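Structural characterization, general
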Amino acid sequence: MRTRTLHSVVPAALILGLTLAACSAPDDEEAASDETRVVATDQGDVEIPADPQRVVVLNYALAGYLYDLDVPVDAMIPEDTEGEGVFSDYWADDAEAAGTEFIPWSPDGFDMQAILDLDPDLIIAGGVGFPLFQATEAYDDLSDIAPTVIVSGDKTTWQQQYEFLATEVFDQPQAYDDAVAEYDARLAEVRDEITVPDGESVFMSLTVDLTPYVLIEDQGLPTVFSELGFTPAPLFATGAYEPYTPGGDSFTLSTEQVGQVIDQENVFVLGFNGAPVDVETLEANPVWAALPAFASGQAHDLPYYVYRGDFDETMELLDVVEEMFATA
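The following refers to the structure shown. Within each chain, residues carry numbers counting from 1 in the order of the written sequence. Two thresholds apply to this predicted model, a pLDDT of at least 70 for residue-level local features and 80 or more for giving and counting side-chain atom pairs, whereas whole-chain, interface and lining totals are computed over all residues. The side-chain numbers reported here are obtained from all heavy atoms of the structure, hydrogens and water having been left aside.

**Let's talk about a negative patch on the surface**
Applicable threshold: Like-charged residues within 9 Å of one another, or nonpolar side chains (Val, Leu, Ile, Met, Phe, Trp, Tyr) within 5 Å, are grouped into patches, provided each residue has over 30% relative accessible area and no salt bridge. Surface exposure here means Shrake-Rupley accessible area, sampled with a 1.4 Å probe, where a residue is shielded only by the protein chains that are shown. What counts as a salt bridge is simple: a side-chain nitrogen of Lys or Arg found within 4 Å of a carboxyl oxygen of Asp or Glu. Note that His is not counted, nor are the chain ends; the positive residues are Lys and Arg, and the negative ones are Asp and Glu. Working definition for charges: the position is that of NZ of Lys, CZ of Arg, CG of Asp or CD of Glu. Numbering of helices and strands runs from the N terminus, with a helix taken as a DSSP run of H or I at least four residues long and a strand as a DSSP run of E at least two residues long. Remark: exposure states derive from per-residue accessible area (1.4 Å probe, protein chains only) relative to the maximum for the residue type, with buried under 20%, exposed over 50%, and partly exposed in between.
Where like charges cluster on the molecular surface, the negative patch consists of E163, E168, D177, D178 and E182. Its location among the elements puts D177 in helix α9 (residues 173–193). The exposure class assigned to D177 is partly exposed, which follows from its relative accessible area of 42%.

Take a look at the structure:
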């Protein structure tokens, strides 16, 4: 967890003790570098360094947790397969200070040679969606390069992902506990300050070509709204839809299905990976404009990055919801 620098007066005896201890520092550091821990994953037990120094992250959405935990991130993949990569505002300073670089990523998979050239001592991969699928497919090759921990696709909320990384992988349970306490306190504040609209809500991430991906109601973003008192529509629970990819957290609809299925009172719209899609864009299309939520003015825009928000992004989401639905 990022911390403030504290200044204090150090007793002379303590300075002497630290000086003596420093004499054996190289041996201590070498011993520490040899220490390992075992992490249980869906792929089996993985032995990892207890204090990794060169970490590669193969899911942009997981990077924020590592910066919050002060883990040295050497490199990561961009947010999408076509982008060159831009650091999130939440951890840009940390990434620049660490010298983090972006490595190539394509729909065909990760650039194994680029990862090998980095000589990582730990690879963190998985999470939700396409990066999980690719990491699972490439697990054996990744493991040949360095110990590889794939965050299970069953961990769909920021709490589940952060707890696993902080507690099981990096042995910093207090950082996770502090984050949960901060989130719970802010959640309670926002819940008391808003008026939740009546009816069910549906959450959709849309690509540039306006292909809608409906977020599965009991995973990720919709669960935050559920905690705030909203009622996510149980569409996936009907059994009529399949995730867009194994381990995915959304399903797609055709234009015809949109008019038949999206009849909920509230709709929340996100542009996938920053695609320039919003409520105003959709209102220009008669199919979308005719939907109940659009016709009644209950279609709302959300920042694209809260789709698979980490701790920092979810805290920002609470501010957005408070402003959007503040009780008059």
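Past the structure itself, the notes keep going.
**Quick word on unusual backbone geometry**
Its identity is not glycine, yet D119 carries a phi of approximately 50°, on the positive side. The topology assignment puts D119 in the loop between α5 (112–118) and β8 (122–126). Since its relative accessible area comes to 48%, D119 is described here as partly exposed. One non-glycine residue with positive phi stands out, namely L210, at about 70°. Inspection of the secondary structure puts L210 in the loop between β10 (200–206) and β11 (212–215).

**As for α9**
Rules: Expected helix span is taken as 1.5 Å per residue step, with the number of steps being one fewer than the number of residues. Directions drawn from the helix axis to the C-beta atoms are what define this arc. We call two residues contacting when some pair of their heavy atoms lies within 4.5 Å.
Taking 1.5 Å of rise per residue, 21 residues should cover 30 Å, and α9 covers 31 Å from first to last C-alpha, within 8% of that figure. Of all the positions in α9, only A175, Y176, A179, V180, Y183, R186, L187 and V190 are classed as buried. For α9, the angular spread of the buried residues around the axis is 145°, confining them to a single face. In the core, the buried residues of α9 are packed alongside α8 (158–169), α10 (221–227) and α15 (311–325).

**Thoughts on the sheet that holds β8**
For the record, the criterion: Pairing between two strands is assigned when DSSP locates at least 2 bridges connecting them.
The strand order across the open sheet built from 5 strands is β5-β4-β3-β8-β9, with neighbouring strands paired in parallel fashion. Here the strands that pair on one side only, and so sit at the sheet edges, are β5 (101–102) and β9 (148–151). Note: strand β3 (residues 55–57) against strand β4 (residues 73–76), 3 bridges, orientation parallel. Paired with V55 across the bridge in β4 is V73.

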